[in-house]
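# Coordinate analysis (summary)
If you want the building blocks of each chain, they are given just below.
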Amino acid sequence: MRTLSRLILAAPILLGCGATPPASSAPTAAIIAYCGSEARAGEVERRIDGLLPRLSLSDKVALMHGSIIQADGTWPAVGIDEFGIPTLAMIDGPRGVGRAAGPATAFPVAMARGATFDPEMERRIGEAIGREAHASGAAVILAPTMNVLRHPRWGRAQETYGEDPHHIGALALAFVEGAQRHVLATAKHFAVNSIENTRLKVDVTVDEQTLREIYLPHFRRVVVEGRVGAVMAAYNSVNGSFCSENDHLLREILKGEWSFAGPVMSDWLWGTHDTLAASRAGLDLEMPFAKVYGDPLQGAVEAGQVPLSTVDDSVRRVLRARFCYRVDTAPPTHDLAARETPDHVALAGEAAERSLVLLTNPGGLLPLARAKLRKIVVTGKLADSANIGDRGSSSVMPSHVVTPLAGLRAAAPGVEVVHLAAPPSSPADDALLAAADAVIVIAGLTSDDEGEAQVAAGDRKSLALPADQVAWIRAVAARSDRVVVVLEAGAALTVGDLVPEVEAMLFAWYPGMEGGTAIARVLLGDVNPSGRLPLVFPAREADLPPFDNTSEKVAYGPLHGYRHLDEIHVAPLFPFGFGLSYTTFAVANLLVEPATASANGTVRATCDVTNTGAKGGRHTVQLYVGGKGALRRPVRALRGFSQVDLNPGETRAVTIEVKIEDLASWDEGAAAFRVEPADYTFEVGASSRDLPLHAVVTVTP
Ligand code: BGC
């Protein structure tokens, strides 16, 4: 470990060392929550109180930036041995431990996990990734990515959970709680980060109501409910100020209103611009090395431009992160055996199975009838591709990837599985397709089409499936009436034209290292699909608000995704929350109690769910709330969801609780959230466009 203090002893800079000790800090409720207990918080704060007067200014400044040298694939913010301050080593990321650390479990991308609508599964995945990160020498995982998917062309769509802040909040909270059993999690990228190609410079103009209701609630949740260890500021600028210098976002909202007690770090290399602006706004840690911090920060303190108290507050936070999360007493290890364990790999497979969304299956070709299967043809550009997602910072390098072809071969012993590696072009191909009991086309996007900018592909050029792949599907569909298309991508594809031409469509996202097995098990009916779209699939890109990834200034209004399509009364190709099953479900008997509630009340919506088909399956019951008032509101917004496993013919009651305060709108005049006394419509059903049950709740003044 670097012995920083030796460097400092060689060139002591005494300002700050021996200065008046900062006032002893009794832990606030937020610090107690951050630290996990009052006793621990008290101990940590006393320790920091004792350390601060002993640290020189250069010690303090050194604790506020990372080191350029990557150690074992981690990015360290270096500690100081002499003071018992451990290094804070960081590693990506959202779908598993980043490739720089070597082989690790590659889970399905976060968008796929969003499609599970299952926070409990996400908690297990967070824990597994946290465990692997800790065993890779890291104390911090640079995940979850939890930005709102404003438009499916966003290059990093796959890294987040979906388009809806309630849904993102539920999944991200679970990830954080799971991961933080082993490491600190990092809520990123704070905030309003949803364009890649201009991410380093774009300024997003957003009104306060939209900011508060659409772009921030899920971040608030992981801070306030999840005690997330760290927050990463986004590259972009919001309302004229870069996120790393944004006083409103960092000091007023995150650290002020939400009482975040941990450190805010910059995004890598290009996330900082100005020493004074960043330190004043509350950027605590510049990563991965000092550009505007380090010497320039020290100089600014010495020149009286940045108060020492500002530096002390940041140092307190970076120390609190280490001590509250026991980085000193339970340091990360290097334990290869803890990565890609059979349990984690199995969990990656389970998550993939649960993430697959059956989009169409009108004639019931799926599940393929095993008993009658003799020959399957597997074709399409991605049939035998290890297609697990972006090659940017979220990239993971597993030891193996099961491709769809390999998965089908393994899952269908006794069935002849033929790989047609190019579009059919000969009489022999025609005969092969005509003789097949099923033709599976694996199509979609890869890391050449979408990903992080600067280091990978950036934003998508369109929502269309590439023309050569459309032609390939059509060539197959012209020769067989038993065609299943499996699509892989990070977010929506506009494939409406193909729907009537093929027998079934399954959306597989980037399904991780065990994806091929999961696809095979769903196609063969070993698993009944239960994934639900965590974003709307529009019929045409023009139905969505424009995606401007060339301008340096863009404006965001309150509507995107399903909210936008509801407002303009345009039907999506596939709605938010949509997904078919091999069985059918019916909901009935909605009871919302109490029907009259006050602003601090809670209502319980209960309905019966029946499996009306012939197979066991899982249903995701969704609750949306709408209604008009004086304050601007969407037609409806997701406010709760719950899952239930049902045998054929079985009925069970499902209850979803809604706190009335969660229905509050941002009142610009009052500069606060306010629950308007009004009638609120509760709608319950299977997607944002399939809501057969209604009830009205009157909120009283
Ligand atoms: C990305 C972050 C990532 C960091 C480190 C940045 O370019 O935006 O999400 O954690 O690099 O890899």
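Cut-offs used in this document
Residues numbered from 1 in each chain as written. Predicted model: local features only at pLDDT ≥ 70, side-chain atom pairs only at ≥ 80, totals over all residues. Heavy atoms only, no water. Helix = DSSP H or I, 4+ residues; strand = E, 2+ residues; numbered from the N terminus. Buried < 20%, exposed > 50% of the residue type's maximum accessible area, 1.4 Å probe, protein only. Contact = heavy atoms within 4.5 Å. Areas by Shrake-Rupley, 256 points an atom, 1.4 Å probe, with all protein chains shown as cover. Lys, Arg positive; Asp, Glu negative; His and termini not counted. Charge placed at Lys NZ, Arg CZ, Asp CG, Glu CD. Disulfide = S-S within 2.5 Å. Near = heavy atom within 4 Å. Polar contact = N/O pair within 3.5 Å; in protein donor to acceptor, adjacent residues only side chain to side chain. Nonpolar A, V, L, I, M, F, W, Y, C, P; charged D, E, K, R; others polar. Core = buried A, V, L, I, M, F, W, Y, C linked by side-chain atoms within 4.5 Å. Salt bridge = Lys/Arg side-chain N within 4 Å of Asp/Glu carboxyl O. Pairing = 2+ DSSP bridges. Domains from an automatic or database assignment. Buried area = accessible area lost by both parts, 1.4 Å probe. Axes fitted to C-alpha atoms, helices over the stretch in contact; angles between N-to-C directions.

## Section: the overall build of the protein chain
Per the secondary structure count, the protein chain includes 19 helices and 26 strands. Principal-axis analysis of the C-alpha atoms places the extent of the protein chain at approximately 85 × 60 × 45 Å. Taken across its 701 residues, the protein chain has 63% of its residues classed as buried. Residue pairs at least 24 apart in sequence account for 78% of intrachain contacts in the protein chain once pairs closer than 6 positions are excluded. If you sum the accessible surface of the protein chain, you get close to 23600 Å²; carbon and sulfur atoms cover 54% of it. On the protein chain, the mean spot of the 64 positive side-chain charges and the mean spot of the 80 negative ones are 2 Å from each other.

## Observations concerning the state of the cysteines
Inspection of the entire model under this criterion finds 1 disulfide. Between the sulfur atoms of Cys35 and its disulfide mate Cys324 the distance is 1.8 Å. Its torsion about the S-S bond being -80°, the disulfide of Cys35 and Cys324 is classed as left-handed. One end of the pair, Cys35, is in helix α2 (residues 29-35); the other, Cys324, is in helix α13 (residues 308-324), and 289 residues separate them in sequence.

## Description of the site of the ligand
In the vicinity of the ligand, 13 residues are found, and the nearest of them are Asp92, Arg156, His189, Tyr235 and Asp267. Contact distances for the ligand include 2.9 Å between an oxygen atom and a side-chain N or O atom of Lys188. The side chain of His189 places a nitrogen or oxygen atom 2.7 Å from an oxygen atom of the ligand. Split by residue class, the shell around the ligand holds 5 nonpolar, 2 polar and 6 charged.

## Observations regarding the environment of Val204
Tracing the sequence through the fold places Val204 in strand β5 (residues 203-206). On the basis of relative accessibility, which here comes to 1%, the residue Val204 falls in the buried class. Residues Val204 and Asn193, spaced 11 residues apart in sequence, show a C-alpha to C-alpha distance of 8.7 Å. Once you skip the residues sitting within four places of it in the chain, Val204 turns out to touch Val192, Asn236, Ser237, Val238, Asn239, Val554 and Tyr556.

## Section: the nonpolar core
Counting 173 residues, the largest nonpolar core has Met90, Phe190, Met265 and Trp509 as the members making the most contacts within it. The element best represented in this core is helix α7 (residues 165-179), accounting for 8 residues. Once residues lying within four places of it in the same chain are set aside, the contact partners of Met265 are Met90, Val140, Leu142, Thr186, Ala230, Val231, Met232, Ala233, Leu283, Leu285 and Met287. In terms of nonpolar packing, the next biggest core, distinct from the first, is built from 32 residues, Ala352, Val378, Val484 and Ile519 among them.

## Notes on the pattern of salt bridges
The full count for this structure, using the stated rule, is 47 salt bridges. Where Glu45 meets Arg316, a salt bridge forms, and the shortest distance between an N and an O atom there is 2.9 Å. With Glu45 in helix α3 (residues 38-51) and Arg316 in helix α13, this pair connects stretches of sequence that are 271 residues apart. By relative accessible area, which is 1% here, Glu45 ends up buried. What makes Arg316 buried here is its relative accessible area of 8%. In this structure, Asp526 engages Arg370 in a salt bridge whose closest nitrogen and oxygen atoms are separated by 2.7 Å.

## Here we look at the pairing of strand β25 (residues 679-685)
The element β25 is extensively covered by neighbouring structure, given that 5 of its 7 residues are classed as buried. Direction of pairing for strand β20 (residues 617-626) relative to β25: antiparallel, over a ladder of 5 bridges. For Leu623, the partnering residue across the bridge sits in β25 and is Val684. In terms of strand pairing, β25 meets strand β26 (residues 693-699) through 6 bridges, oriented antiparallel. Each bridged residue has a counterpart across the sheet, and for Glu683 the counterpart in β26 is His694.

## Here we look at the side chain of Asp312
By secondary structure assignment, the location of Asp312 is in helix α13. Polar contacts involving the side chain of Asp312 include one to the side chain of Lys60, which spans 2.8 Å.

## Observations regarding the domain arrangement of the protein chain
We note that the domain assignment places domain 1 (29-324), domain 2 (355-568) and domain 3 (585-699) within the protein chain. Each of domain 2 and domain 3 was reduced to a C-alpha centroid, and the two centroids are 32 Å apart. The interface is formed by 10 residues belonging to domain 2 together with 17 residues belonging to domain 3. Summing both partners gives a buried area of about 1100 Å² for domain 2 against domain 3, and 48% of it is carried by carbon and sulfur. Contact with domain 3 buries area across many residues of domain 2, yet Arg532, Tyr562 and Asp566 alone supply 47% of it, more than any other trio. Remark: the boundary between domain 2 and domain 3 carries 2 salt bridges. Put simply, Asp566 and Arg689 hold a salt bridge, and the shortest N to O gap is 3.0 Å.

## Comments concerning the sheet that holds strand β19 (residues 602-611)
With respect to topology, 3 strands assemble into an open sheet ordered β17-β19-β22, the strand pairing being antiparallel. Looking at strand neighbours, the two that pair on one side only are β17 (585-593) and β22 (651-659), the edges of this open sheet. Sheet twist, expressed as the mean angle between neighbouring strand axes with direction ignored, is 20°. Here β19 runs beside β22; their pairing, made up of 9 bridges, is antiparallel. Across the sheet, the residue bridging to Thr606 is Thr655, located in β22.

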